[in-house]
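Residue-level structural notes
Here is what each chain is made of, one letter per residue.
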Amino acid sequence: MTKALDGIRIIDFTHVQAGPACTQLLAWYGADVIKVERPGSGDVTRSQLRDIPDVDALYFTQLNSNKRSLTLDTKKPAGKKILEELVRTSDVMVENFGPGALDRMGFSWERIQELNPRMILASVKGFSDGHAYEDLKVYENVAQCAGGAASTTGFWDGPPTVTGAALGDSNTGMHLAIGILTALRMRDITGRGQKVSCAMQDAVLNLCRVKLRDQLRLDRTGFLEEYPQYPHGKFGDAVPRGGNAGGGGQPGWVLKCKGWQTDPNAYIYFTIQGQNWANTCKAIDRPEWIDDPAYNTATARQDKIFDIFGYIETWLENRTKFEAVDVLRKYDVPCAPVMSMKEIENDPSLRASGSIVEVEHKARGKYLTVGSPIKFSELTVEITGSPLLGEHSDQVLASLGYDSQQIAQLHAEKVV
Ligand code: COA
């Protein structure tokens, strides 16, 4: 079957998570992604947090499926020459080295354009060019703090908190993938490549836009009615941490279900959707609240919202999170069980949809990994296992015209 990105060759000069997540997505959709790695060690995630000795760690396998692996020491002249040949024959180079590393290696944007004017160079950095912190190396949680996520996450009586969702890493990779596809489309029109970059701080901020909305509202009014601090608590001059409050006009909270005393994930997220109030009252066995003026408008409910949630928790006392959702879904209440990773690992719906899949790895055997979260009617996404270090080196070199003697020489000199 034809894949959307068939014929697009990507030099995947990425490591850790942000860059690899981007190129993995493009590989799923058909691009030929050649991961260029340092001989001997490769991407640091191959050996980080290993669960099986001497086998690529799951950190690596989760982020590098559907790719080929070429080992190349790009600091040696012969390695640079091979990289130049790849640049001449590829469409996109993606990198997420520390600031200045690619220039120091001799592959500045100017040099890449000389080699191939159609080339798209896509970079992830912690901060944007010209930013006061542009020289900083950045990891996930650093970006969450710099992009406004941490100061607005957690509870008001606790410190700023990072989330387990990779807002700094994978999220920036997804943004960069959109940038690459945009640049490819532009190249169709102009015939020229371009430099595309996405800063992790900016990608986090892009997901924190409703918190910036809240800051502007707070600046003007001094309060935020959907936050737990309203109306009984106090606001300062910056958006506070709102615990588990809903971010829009529909109040919500994480509520305890049967078994919460022993199961740390026996909770649901419950949303009181204004337009669904009558149904919600029926669902929780409180029909008398439907027409009661003390409860039947969002404004009337505001000062007793936690009493309402408290009541719903008593309704949940004898229901597991799954039983509760099965009742609430009949009444159109927006809700979901708080899913543990154990439950996600075994979830039949996620497996049926291909959102998690089992694939084969040459050294570890079968392993579970994420599949494409985007579904297409005309594209079947097949996930394959991640490559071993240097698994495709000889194949790639042969495609560049190297014969077996030259390839053996490159191995002997530890260029590949
Ligand atoms: N052959 C030879 N050298 C190679 C190589 C190869 N195949 N691949 C990389 N290198 C070298 C680079 O040239 C660079 O060398 P230099 O510093 O002497 O110029 C070095 O390896 C890589 O440096 P760097 O990327 O800074 O690695 P690090 O491990 O010190 O830092 C990060 C890791 C993630 C903090 C840093 O890369 C970074 O800030 N990246 C941008 C933001 C980002 O993507 N962060 C999220 C990661 S999930």
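Our structure's up above, just so we're on the same page.
Presented here is a report on the structure given in the accompanying data block. What you are looking at is a predicted structure, and each value in this text was computed from that prediction instead of being measured.

1. Description of helix α8 (residues 200–207)
Helical periodicity: at 3.6 residues per turn, an α-helix aligns residues three or four positions apart in one direction. Restricting attention to buried positions, one finds in α8 the residues Met200, Gln201, Ala203 and Val204. Buried residues in α8, looked at end-on, bunch into an arc of 165°, giving them a common side. Contacts from the buried residues of α8 go to β5 (120–125), α6 (140–146), α7 (170–190) and β6 (195–199).

2. Points about the pairing of strand β1 (residues 9–13)
Of all five residues in β1, five are buried; the element is thus mostly enclosed. Residues Arg9, Ile11 and Phe13 line one face of β1 and the alternating positions Ile10 and Asp12 line the opposite face, and both faces are buried. Direction of pairing for β1 relative to strand β2 (residues 32–37): parallel, over a ladder of four bridges. Bridging across to β2, Ile10 finds its partner in Val33. The sheet contact formed by β1 and strand β4 (residues 92–95) spans four bridges and is parallel. Looking at the pairing, Ile11 lines up with Met93 of β4.

3. So, the sheet that holds β6
Read from one edge of the open sheet, six strands run β3-β2-β1-β4-β5-β6, paired in parallel fashion. The sheet is open, and its two borders are formed by β3 (68–71) and β6, each paired with just one other strand. Along the sheet, successive strands turn relative to each other by an average axial angle of 20°, direction set aside. As judged from the five bridges shared by β5 and β6, these two strands associate in the parallel manner. Across the sheet, the residue bridging to Ser123 is Ser197, located in β6.

4. Observations regarding the site of the ligand
Near the ligand, the surroundings consist of 22 residues, among which Arg38, Lys75, Gly98, Lys137 and Val138 are the closest. In this structure, an oxygen atom belonging to the ligand sits 3.0 Å away from a side-chain N or O atom of His15. Contact between the ligand and Thr74: a nitrogen atom at 3.1 Å from a main-chain N or O atom of the residue. Looking at side-chain class alone, the shell around the ligand contains nine nonpolar, six polar and seven charged residues.

5. Some words on unusual backbone geometry
Geometrically, the link from Tyr230 to Pro231 is a cis peptide bond, its omega value of 0° lying close to zero. As for its placement among the helices and strands, Pro231 is situated in the loop between α9 (209–221) and β7 (252–256). One non-glycine residue, Asp332, lies in positive phi territory at about 65°. Inspection of the secondary structure puts Asp332 in the loop between α13 (321–328) and β9 (335–337). By relative accessible area, Asp332 is classed as exposed at 54%.

6. Things to note about the nonpolar core
Ile10, Leu26, Val92, Val94, Leu176 and Ile180 are the most contacted members of the largest nonpolar core, which has 38 residues in total. Among the secondary structure elements, those contributing two or more residues to this core are α1 (18–28), β4, β5, α7, β6, α8 and β10 (356–361). When residues in this core are grouped by element, the largest group, six residues, is from α1. Counting 28 residues, the second-largest nonpolar core is a separate cluster that includes Leu72, Met93, Met105 and Leu397.

7. Let's talk about a nonpolar patch on the surface
Residues Leu205, Leu212 and Leu216 make up a contiguous nonpolar surface patch of roughly 280 Å² in combined accessible area. Positionally, Leu216 belongs in helix α9. With a relative accessible area of 53%, Leu216 lands in the exposed category.

8. Digging into the pattern of salt bridges
Evaluation of the coordinates by the stated rule reveals 27 salt bridges. As a salt-bridge pair, Glu84 and Arg111 come within 3.3 Å of each other at their nearest N and O atoms. Within this pair, whereas Glu84 is found in helix α3 (residues 77–89), its partner Arg111 is found in helix α5 (residues 109–115), the two being separated by 27 residues in sequence. Assessed through its relative accessible area of 21%, Glu84 is described here as partly exposed. Linking Arg213 and Glu226 is a salt bridge whose minimum nitrogen-to-oxygen distance equals 3.7 Å. Note that Arg213 is positioned in helix α9 and Glu226 in the loop between α9 and β7, a separation of 13 residues in sequence. Under the relative-accessibility criterion, Arg213 is labelled partly exposed at 32%.

9. Here's the deal with the packing of aromatic side chains
Taken as a whole and assessed by the stated rule, the structure comprises 13 aromatic pairs. Judged by centre distance (4.8 Å) and plane angle (85°), the rings of Trp253 and Phe306 are edge-to-face. A residue pair is termed long-range when its members are at least 10 positions apart, and Trp253 in strand β7 and Phe306 in helix α12 (residues 305–316) qualify at 53 residues. On the accessibility criterion, Trp253 (12% relative accessible area) is buried. Classification of Phe306 as partly exposed rests on a relative accessible area of 35%. Their ring planes at 15° and their centres at 4.4 Å tell us that Trp289 and Tyr295 sit as a pair that is stacked. The residues Trp289 and Tyr295 share a single accessibility class, namely buried. Of note, Lys304 hangs over the ring of Tyr295, and the distance from its end group to the ring centre comes to 5.4 Å. Here the basic side chain of Arg319 rests over the ring of Trp315, its NZ or CZ set 3.9 Å away from the ring centre.

The rules behind these values
Chains are numbered independently. Their residues run from 1 in the order of the written sequence. pLDDT decides what is reported in this predicted model: residues at 70 or higher carry local features, side-chain atom pairs at 80 or more are listed and counted, and totals for whole chains, interfaces and linings draw on all residues regardless. Excluding hydrogens and water, the side-chain values take into account all heavy atoms of the structure. Burial classes: relative accessible area under 20% of the type maximum marks a residue as buried, over 50% as exposed, and values in between as partly exposed (1.4 Å probe, protein chains only). Secondary structure counts use DSSP, requiring at least four H or I residues in a row for a helix and at least two E residues in a row for a strand, with both numbered from the N terminus. By construction, the arc corresponds to the directions joining the helix axis to the C-beta atoms. Should any heavy atoms of two residues lie within 4.5 Å, those residues are considered in contact. Two strands pair if DSSP finds at least two bridges between them. For helices, the fitted axis covers only the stretch in contact; all axes are lines through C-alpha atoms, and the angles between them, taken along N-to-C directions, range from 0 to 180 degrees. By convention in these notes, a residue is near a molecule or strand provided one of its non-hydrogen atoms lies within 4 Å of it. Polar contact criterion, stated in full: a pair of N or O atoms within 3.5 Å, where within protein one must be able to donate a hydrogen and the other to accept it, and residues adjacent in sequence count only if both atoms are side-chain atoms. In this count, Pro and Cys sit with the nonpolar residues alongside Ala, Val, Leu, Ile, Met, Phe, Trp and Tyr, while Asp, Glu, Lys and Arg are called charged and the others, Gly among them, polar. Throughout, nonpolar core names a set of buried Ala, Val, Leu, Ile, Met, Phe, Trp, Tyr and Cys residues whose side chains join them through atoms within 4.5 Å. Only residues above 30% relative accessible area that lack a salt bridge enter a patch, with like-charged residues linked at up to 9 Å and the nonpolar side chains Val, Leu, Ile, Met, Phe, Trp and Tyr linked at up to 5 Å. Only the protein chains shown count as covering a residue, and every accessible area follows the Shrake-Rupley method with a 1.4 Å probe. Here, a salt bridge means any Lys or Arg side-chain nitrogen found within 4 Å of an Asp or Glu carboxyl oxygen. Stacked, tilted and edge-to-face pairs are distinguished by plane angle, under 30 degrees for stacked and over 60 for edge-to-face with tilted covering the rest, among Phe, Tyr and Trp rings (Trp via its six-membered ring) whose centres lie within 6.5 Å. Comment: the charge-over-ring label is applied if NZ (Lys) or CZ (Arg) is within 6 Å of the ring centre and within 35 degrees of the ring normal.

Everything listed is a geometric property; what it means functionally is a separate question.
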